[in-house]
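# Structure at a glance
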Amino acid sequence: MTSKRAQGDCRTTGKRKRPKSCVETPELGVDVGDEQLKRAVKEAWSRGTHYSQGVLELNCYPFPHCTIKNFIRSETFVENLQGELLKLNFNEKSNDLYKFKQSDDLRRRKEPHIAGLRAALFERFRSWLEEVLGVELEPTVDISCAKYEQTDVLLCHDDELEGRRVAFILYLVPPWRSSDGGTLDLYATDGSFQPQTVVKSLVPSWNTLVLFEVSPVSFHQVSEVLSQDKCRLSLSGWFHGQSLERPPRHVEPSVPRSPHIPRDETILLEWINPSYLDMSYQEQIQEEFEESSEIQLKDFLKEEKFREVSEALRLAQIQWTKRGPSNKRCYEAASLDSLPECVSSCWELLHSEAFFLLLSNFTGLRLHYLCPADDEEKGKEDEEEKVAGSSTKASASSSTAAANASRDKELSTPVCCGEVRRWTHGSYTLLHDGEAAQAEYALDLILPFGCSGWRSEFGGFTCYVANEEDEELLTVHPEDNSLALVYRDKETLKFVKHVNHKSSSVGSSTSKGFYDFSFVYYE
């Protein structure tokens with residue numbers, strides 16, 4: 001039965017009650033019934049060529065993406081839709097990858113304009129998209145609303161998740177410029193399907209729909225919103241279908257590890273605050289560390305040494321290299337060959353045999369062969385020697401020596417890896433599958449420089465989280481000359497929160513960011 005009532009008409013007849021809400025189905029700005037347009041877009045998409053017609057434009061670099069301006073024909077509908085969305089409850093979302101506010105899933109919302117847009121997208125427009133792509137899309141509804149305000153961001157990712165085939169974003173923003181931030185940045189990839197650099201930025205525009213096919217190369221980000229008073233409001237989601245075939249994930253080479261370098265306790269006396277070299281104080285530190293698996297040791301270096309390194313880290317002679325790829329990390333690491341002498345000496349301190357032993361005293365971990373043997377094993381060996389008679393002492397000693405040699409062989413040589421890092425606006429690290437798969441027991445060391453006046457709202461702090469959970473276990477904030485030690489197990493991962501533009505604001509004492517020595521030690 002075909003109704004003659006116009007789409008979106010909510011009038012009632014007779015004495016029937018007016019419904020509390022009804023669907024306002026919008027007319028789309030692109031003619032989804034135009035067969036010629038459909039064929040042209042399909043051909044261009046399959047060939048990876050550019051196409052433009054009216055409100056629609058298809059580009060295929062760095063990966064296929066399509067923009068449709070004036071996606072909804074009625075301006076009144078769009079304004080009413082925006083009004084309904086702004087009345088929703090929004091939840092703060094923040095982790096390693098993003099910071100913004102998001103509504104609950106909109107698949108069951110009954111507001112007339114939200115329901116109307118949902119119907120238009122996942123019925124008529126989905127059918128058109130199926131024909132353009134030549135694939136079957138499921139009727140699954142996946143849509144929510146996001147609000148990005150100042151310092152909000154969504155970092156580099158590819159959107160790949162089982163069942164996602166086409167991503168879409170509908171912008172409902174005030175007049176927007178690239179200087180406001182919040183652009184949709186598209187990344188080019190290398191031969192290993194790793195994101196390299198942003199090669200295109202799409203500025204949000206009122207009533208414009210952007211869509212792209214989710215693939216191994218569809219890396220993108222929402223750049224940090226810089227505007228103080230504008231809200232980047234958008235509807236986004238995915239059309240579901242059979243995922244594109246994915247090549248094997250790229251495996252990064254392991255970071256080289258090395259044993260300690262031969263430096264005796266003289267280097268400790270030269271660099272470290274004398275209070276930390278006191279054996280009774282080291283015992284207190286170990287008790288506290290063993291209870292919580294983390295500790296921060298303030299004023300760790302001698303003041304004159306700390307000041308010398310802080311000043312040297314700002315010298316132009318240091319060569320800084322960006323560390324990527326962007327879906328895993330983005331910060332600068334110093335070339336060790338370019339370090340000034342005092343910075344290089346500080347590096348040697350943290351890599352030295354004497355420091356390995358000091359860390360063992362701080363933590364109780366076996367990071368040096370002089371560490372006390374396990375008490376239980378030692379007691380057992382002593383008991384064995386007492387039981388043995390004089391006639392079997394030589395045999396028992398020989399047996400014990402063999403057992404010790406065997407045990408020592410099983411225990412691996414303590415090693416470490418480390419780098420000198422610079423954190424400025426835009427720096428971050430992300431959790432990723434490879435890191436989770438290779439997680440192991442380790443002791444993290446962070447020693448920051450040049451972060452006087454740094455505030456937590458700038459980002460740049462290190463978060464420890466439980467694997468595959470949102471639970472935050474620990475946050476380490478950068479603090480000058482405060483040595484942070486954290487022991488993590490195979491189920492604990494870490495990331496450094498995105499450094500936002502407030503860190504480089506005019507008049508900020510941290511306008512050039514901060515530095516740190518980052519080491520990881522393995523028993």
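So, here's what we can say about the structure. These figures come from a predicted structure and were not determined experimentally.

Right, let's talk about the pairing of strand 13 (residues 232-240) for a bit. With eight of its nine residues buried, strand 13 lies for the most part within the structure. Pairing between strand 6 (residues 143-148) and strand 13: six bridges, direction antiparallel. For Cys145, the partnering residue across the bridge sits in strand 13 and is Leu235. Summarising the sheet, strand 8 (residues 164-171) and strand 13 pair through seven bridges and their orientation is antiparallel. Residue pairing across strands places Phe168 opposite Gly237, the latter belonging to strand 13.

Summarising the element assignment, Gln53 is placed in strand 1 (residues 51-53). Relative accessible area serves as the criterion here: at 46%, Gln53 is assigned to the partly exposed category.

Moving on, we come to the packing of aromatic side chains. The full count for this structure, using the stated rule, is 25 aromatic pairs. For the pair Phe63 and Phe212, a centre-to-centre distance of 5.6 Å together with 65° between the ring planes defines the contact as edge-to-face. Of this pair, Phe63 sits in the loop between strand 2 (56-59) and strand 3 (65-68) while Phe212 is found in strand 11 (residues 208-213), placing the two residues 149 residues apart along the sequence. Judged by its relative accessible area of 1%, Phe63 is buried. The exposure class assigned to Phe212 is buried, which follows from its relative accessible area of 1%.

On to unusual backbone geometry, then. In this structure, the amide linkage connecting Tyr61 to the following residue, Pro62, adopts the cis form with an omega of 5°. Here Pro62 shows up in the loop between strand 2 and strand 3. In this chain, Gly324 is followed by Pro325 through a cis amide linkage whose omega measures 0°. Following the sequence through the fold, Pro325 ends up in the loop between strand 15 (320-323) and strand 16 (329-334). A positive phi is found at Ser293, a non-glycine position, where the angle reads about 65°. Note that Ser293 resides in the loop between helix 5 (279-292) and strand 14 (294-298).

Bringing the sheet that holds strand 23 (residues 492-496) into the picture now. Within the open sheet, the three strands sit side by side as 21-20-23. Their pairing is antiparallel. What marks the edges here is a single partner per strand, and that holds for strand 21 (472-476) and strand 23. When the angles between neighbouring strand axes are averaged without regard to direction, this sheet yields 20°. The pairing of strand 20 (residues 462-466) with strand 23 spans five bridges and is classified as antiparallel. Looking at the pairing, Cys463 lines up with Phe495 of strand 23.

The rules behind these values
Residues numbered from 1 in each chain as written. Predicted model: local features only at pLDDT ≥ 70, side-chain atom pairs only at ≥ 80, totals over all residues. Heavy atoms only, no water. Buried < 20%, exposed > 50% of the residue type's maximum accessible area, 1.4 Å probe, protein only. Helix = DSSP H or I, 4+ residues; strand = E, 2+ residues; numbered from the N terminus. Pairing = 2+ DSSP bridges. Phe/Tyr/Trp six-rings, centres within 6.5 Å; stacked < 30°, edge-to-face > 60°. Axes fitted to C-alpha atoms, helices over the stretch in contact; angles between N-to-C directions.

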